[in-house]
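Topology and contacts: notes
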Amino acid sequence: MQHDKVLILDFGSQYTQLIARRVRELNIYSEIHPFNKIPKNIQEYKAVILSGSPFSVRGEEALHPDLSEIKGKKPLLGVCYGAQYLAHFSGGNVAPSNTREYGRANLSFIKADEAFFANISEDSQVWMSHSDTIQELPTHGVLLASTSDVKNAAYKIEGETTYAIQFHPEVYHTKDGSLLLENFLVHIAQVTPDWTPDSFVEETVADLKAQLGNDKVVLGLSGGVDSTVAAVLLHKAIGKNLYCIFVNNGLLRKNEFESVLTQYEGMGLNVKGVDASARFLDALAGESDPEKKRKAIGRAFIEVFDNEAHHIEDVKWLAQGTIYPDVIESISATGGPSATIKSHHNVGGLPDFMKLKVVEPLKTIFKDEVRRVGASLGIDAELLGRHPFPGPGLAIRILGDVTPEKVRILQEVDAIFINGLKAWNLYDKVWQAGAMLLPVNSVGVMGDERTYEKCVALRAVESTDGMTADWVNLPYAFLQKTSNDIINKVKGVNRVVYDISSKPPATIEWE
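Residues numbered from 1 in each chain as written. Predicted model: local features only at pLDDT ≥ 70, side-chain atom pairs only at ≥ 80, totals over all residues. Heavy atoms only, no water.

1. As for the overall build of the chain
Using the following cut-off: In DSSP terms, a helix is any run of H or I states spanning at least four residues, a strand is any run of E spanning at least two, and both are numbered starting from the N terminus. We compute the radius of gyration over the C-alpha atoms and compare it with the globule rule, which gives 2.2 Å times the number of residues raised to the power 0.38. Buried, partly exposed and exposed residues are distinguished by accessible area as a fraction of the type maximum, computed with a 1.4 Å probe on protein chains only: under 20%, between the cut-offs, and over 50%, respectively. Pairs of residues are marked as contacts when any of their non-hydrogen atoms sit within 4.5 Å. What sets the accessible areas is the Shrake-Rupley method with a 1.4 Å probe; for residues, cover comes only from the shown protein chains. Here the positive residues are Lys and Arg and the negative ones are Asp and Glu; neither His nor the chain ends is included. Working definition for charges: the position is that of NZ of Lys, CZ of Arg, CG of Asp or CD of Glu.
When its secondary structure is counted, the chain shows 13 helices and 18 strands. Compactness check: the chain gives a C-alpha radius of gyration of 25 Å against a globular reference of 24 Å for 511 residues, within 12% of the reference. Scored against the burial criterion, the 511 residues of the chain give a buried share of 55%. Of the contacts formed within the chain by residues at least 6 apart in sequence, a portion of 74% connects residues at least 24 apart. Entry remark: accessible area of the chain is about 22,700 Å², with carbon and sulfur atoms responsible for 49%. Both charge centroids of the chain, one from 52 positive and one from 65 negative side chains, sit 3 Å from each other.

Now the structure itself:
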């Protein structure tokens with residue numbers, strides 16, 4: 001089955017992934033490519049969107065895409081930088097704004113009878129984020145909308161299906177952003193919205209059958225959503241030729257190794273549990289640097305999988321639960337490697353000695369889409385609702401070096417926190433939660449005795465895909481009880497703090 005596709009050209013905006021997700025929420029398939037790596041098969045895309053950017057179209061560093069096969073030939077929407085680019089280099093003028101507009105604004109004028117703004121009220125709230133402004137529209141530009149501070153907030157180019165907006169329709173604070181994208185894509189560009197979880201399952205299973213044939217595949221299960229959905233898709237495609245391995249790296253949550261193996265019983269998957277905890281803890285001994293810890297864990301995983309793969313006769317593929325953000329975050333808007341915030345444990349290929357090819361059934365979809373696909377596959381809702389958990393496990397929640405005793409302490413703390421969230425019916429209101437063991441001791445008093453023990457930080461965030469996140473305002477009564485339980489029940493901890501940092505500027509994990 002072929003679907004209409006939308007191309008999103010990335011100029012480095014922090015919101016580019018949100019554009020793709022908003023488009024997909026309309027049941028339309030979208031892809032992100034760097035502005036200077038336009039796909040050669042451009043004719044296969046039904047419409048194109050230009051993202052925002054931290055750059056200025058007036059600067060020497062302005063990013064210049066080659067739009068010769070797009071502008072005037074395909075439906076085109078410029079967002080923020082994209083709108084300024086289309087104006088500045090097509091006969092208009094962009095200049096520094098006298099009143100820099102950032103945040104909420106309201107449309108104060110909308111051109112009547114314009115399909116682009118169909119069913120959108122004149123005072124609709126939008127989100128601005130720019131320091132330049134479009135002073136003059138491009139050649140044949142027609143004004144479509146303004147705000148109180150921005151005259152040229154939206155325009156189109158007469159004689160083309162080219163539209164441009166100074167605001168961001170992809171962010172939550174633009175109240176009619178999804179409707180605007182639907183107006184452009186479905187009603188103007190005539191894109192068919194037929195890309196659904198059911199169609200993804202059907203097509204992915206067919207593609208896997210064609211790709212893998214009768215080959216054997218080994219998959220590393222983590223107990224999380226991504227690897228589980230990948231496993232069920234592969235199982236539907238190749239059945240008994242899928243060999244799943246769940247590794248205890250000694251850095252899992254309390255009792256997780258046993259509970260995850262039990263969780264997979266009855267799902268029809270061929271799952272083998274491997275306890276390699278000693279190997280991982282040995283690899284981490286004495287190491288405090290976060291990136292080196294991640295790489296040590298990655299090497300240990302590869303060694304364990306290579307060893308287990310040799311026990312499977314003629315295995316040819318390694319399956320991974322790589323998802324779309326993992327892929328596109330490895331390429332920046334300028335076409336080179338992006339700045340490494342932290343390494344992804346399942347991105348970057350395999351060492352030559354493994355002699356396995358990689359198959360990634362989920363590499364084209366986002367986290368929230370993975371859950372919808374899982375529901376379409378009939379996977380248990382409790383499993384699909386499980387919080388994300390980092391691939392390196394508790395190693396990156398223990399700041400500094402990792403020891404068995406520190407792991408024990410953090411497992412106990414984490415269990416009290418997570419079980420408490422469930423008991424207070426807060427778990428499903430949180431996107432991700434966990435505890436961090438800090439590399440500091442603090443003075444405390446227990447009974448009549450002075451203590452000098454560890455401090456732990458609790459973290460709970462709300463998000464949709466982990467790109468951005470806000471801390472959750474958990475009830476004080478819950479935090480009070482959780483703190484008391486941790487200090488009273490976990491030997492070695494005498495202080496609990498709560499992390500109220502958002503992402504950005506902080507990350508969700510501390511390492």
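Back to the text.
2. Description of the side chain of Asn-248
Quick reminder of the rule: Polar contact is defined as a pair of N or O atoms within 3.5 Å, subject to the rule that within protein one atom must be able to donate a hydrogen and the other to accept it, and that residues adjacent in sequence are counted only when both atoms are side-chain atoms.
Its location among the elements puts Asn-248 in strand 11 (residues 242-248). Accessibility expressed as a relative area gives 13% for Asn-248, which makes it buried. A polar contact is formed between the side chain of Asn-248 and the backbone nitrogen of Gly-250, at a distance of 3.0 Å. Residues in contact with Asn-248, not counting those within four places in the same chain, are Phe-257, Val-274, Asp-275, Ala-276 and Ser-277.

3. Quick notes on the packing of helix 5 (residues 225-238) against helix 10 (residues 367-376)
When two helices pack together, their arrangement is given by the angle between the helix axes and by the axis-to-axis distance. Quick reminder of the rule: Note on definitions: angles span 0 to 180 degrees between N-to-C directions of axes, and those axes are lines fitted to C-alpha atoms, for helices only across the stretch in contact. Any angle between 65 and 115 degrees counts as roughly perpendicular, while under 35 counts as roughly parallel, over 145 as roughly antiparallel, and the rest as oblique. Each crossing gets its hand from how the near helix is turned against the far one by less than a right angle, where anticlockwise is left-handed and clockwise is right-handed. Classification used: nonpolar for Ala, Val, Leu, Ile, Met, Phe, Trp, Tyr, Cys and Pro, charged for Asp, Glu, Lys and Arg, polar for all others including Gly.
The contact between helix 5 and helix 10 brings their axes to 10 Å, and the two run at 45 degrees. Here helix 5 is positioned oblique relative to helix 10, judged by the angle of their axes. For the pair helix 5 and helix 10, the crossing hand works out as left-handed. Only Lys-367, Val-370, Arg-371, Val-373 and Gly-374 of helix 10 make contact with helix 5, whose side of the interface consists of Val-225, Asp-226 and Val-229. Class assignment of the residues belonging to the contact of helix 5 with helix 10 gives a composition of four nonpolar, one polar and three charged.

4. Structural notes on the pairing of strand 8 (residues 154-157)
Worth spelling out the cut-off: Here, strands pair whenever DSSP counts at least two bridges between them.
Taken together, the four bridges between strand 7 (residues 141-147) and strand 8 define a ladder with antiparallel strand orientation. Within strand 8, the position partnered with Leu-143 by the bridge is Tyr-155. Between strand 7 and strand 8, which pair antiparallel in sequence order, lie six residues. Sheet topology places strand 8 next to strand 9 (residues 162-165); four bridges connect them, and they run antiparallel. Opposite Tyr-155, over in strand 9, you have Ala-164 as the bridge partner. Taking the residues that link successive antiparallel strands as the turn, the strand 8-strand 9 hairpin has four residues, and the phi of Gly-159 there is positive, at about 90 degrees.

5. A closer look at unusual backbone geometry
For the peptide bond that leads from Lys-503 to Pro-504, omega is -15 degrees, which places it in the cis range. The topology assignment puts Pro-504 in the segment after strand 18 (493-498). With omega at 10 degrees, the peptide bond leading from Pro-504 into Pro-505 counts as cis. Look at Asn-27: it is not a glycine, yet its phi comes out positive at around 65 degrees. In this structure, Asn-27 sits in the loop between helix 1 (16-25) and strand 2 (29-34).

6. Some points on the packing of helix 4 (residues 197-212) against helix 10
Closest axis-to-axis distance for the helix 4/helix 10 pair is 9 Å, and the angle between their directions is 80 degrees. If you check the angle between helix 4 and helix 10, you find them roughly perpendicular. In contact with Pro-197, Asp-198, Phe-200 and Val-201 of helix 4, helix 10 contributes Arg-372, Val-373 and Ser-376. Residue composition of the contact of helix 4 with helix 10, by class: four nonpolar, one polar and two charged.

7. Topic: the nonpolar core
Keep this limit in mind: Put simply, buried Ala, Val, Leu, Ile, Met, Phe, Trp, Tyr and Cys residues joined by side-chain atoms within 4.5 Å make one nonpolar core.
Counting 50 residues, the largest nonpolar core has Val-413, Leu-421, Leu-474 and Ile-486 as the members making the most contacts within it. With eight residues, the single largest contributor to this core is helix 12 (residues 404-423). Residue contacts for Ile-486: discarding those within four places in its chain leaves Val-413, Ile-416, Val-456, Leu-458, Val-493 and Val-496. Within the second largest apolar cluster, 40 residues are counted, among which are Phe-117, Val-126, Met-128 and Phe-184.

8. Observations regarding the confidence of the model for the chain
Just so we agree on the cut-off: The quantity called pLDDT is the predictor's confidence in a given residue, expressed from 0 to 100.
Confidence along the chain averages 89 in pLDDT terms, with 93% of residues attaining 70 or more. Of all the helices and strands in the chain, helix 9 (residues 324-328) carries the lowest mean pLDDT, 78, while strand 3 (residues 45-50) carries the highest, 98. A low-confidence stretch, residues 333-348 stays under pLDDT 50, and its non-local contacts, those more than four residues away or across chains, total 40 contacts.

9. Focus on the sheet that holds strand 11
Here we have five strands laid out as an open sheet, ordered 12-11-10-13-14, and parallel in their pairing. Strands at the two margins of the open sheet, each flanked by one partner only, are strand 12 (271-275) and strand 14 (357-359). Sheet twist, expressed as the mean angle between neighbouring strand axes with direction ignored, is 30 degrees. Helix 4 contacts strand 10 (216-221), strand 13 (315-319) and strand 14 of the sheet and is inclined by roughly 170 degrees relative to strand 14. Packed onto the sheet, helix 5 meets strand 10, strand 11 and strand 13 and runs at close to 160 degrees relative to strand 10.

10. With respect to helix 8 (residues 290-309)
Let me state the cut-off plainly: For a helix, the expected span equals 1.5 Å multiplied by the number of residues minus one.
The end-to-end C-alpha distance of helix 8, which contains 20 residues, comes to 28 Å, matching closely the 28 Å that a straight helix rising 1.5 Å per residue would cover. Burial in helix 8 covers these residues: Lys-293, Arg-294, Ala-296, Ile-297, Ala-300, Phe-301, Val-304, Phe-305, Asp-306, Glu-308 and Ala-309. Looking at the buried residues of helix 8, the elements they touch are strand 10, strand 11, strand 12, helix 7 (277-284) and strand 13. N-cap assignment for helix 8: the residue whose side-chain oxygen lies 3.1 Å from the backbone N of Glu-291 is Asp-289.

11. Some words on the pattern of salt bridges
Short version of the rule: What makes a salt bridge here is a side-chain nitrogen of Lys or Arg within 4 Å of a carboxyl oxygen of Asp or Glu, nothing more.
A complete count under the given rule lists 25 salt bridges for this structure. Across the pair Lys-367 and Asp-226 runs a salt bridge whose closest N-O atoms are separated by 3.1 Å. Here Lys-367, found in helix 10, pairs with Asp-226, found in helix 5; they are 141 residues apart in sequence, far enough to count as distant. When sorted by exposure, Lys-367 lands in the same class as Asp-226, which is buried. Between Glu-291 and Lys-295 there is a salt bridge, with its nearest N and O atoms 3.1 Å apart. Of this pair, Glu-291 and Lys-295 both sit in helix 8, four residues apart, which is roughly one turn of that helix. With relative accessibility at 23%, the residue Glu-291 sits in the partly exposed group.

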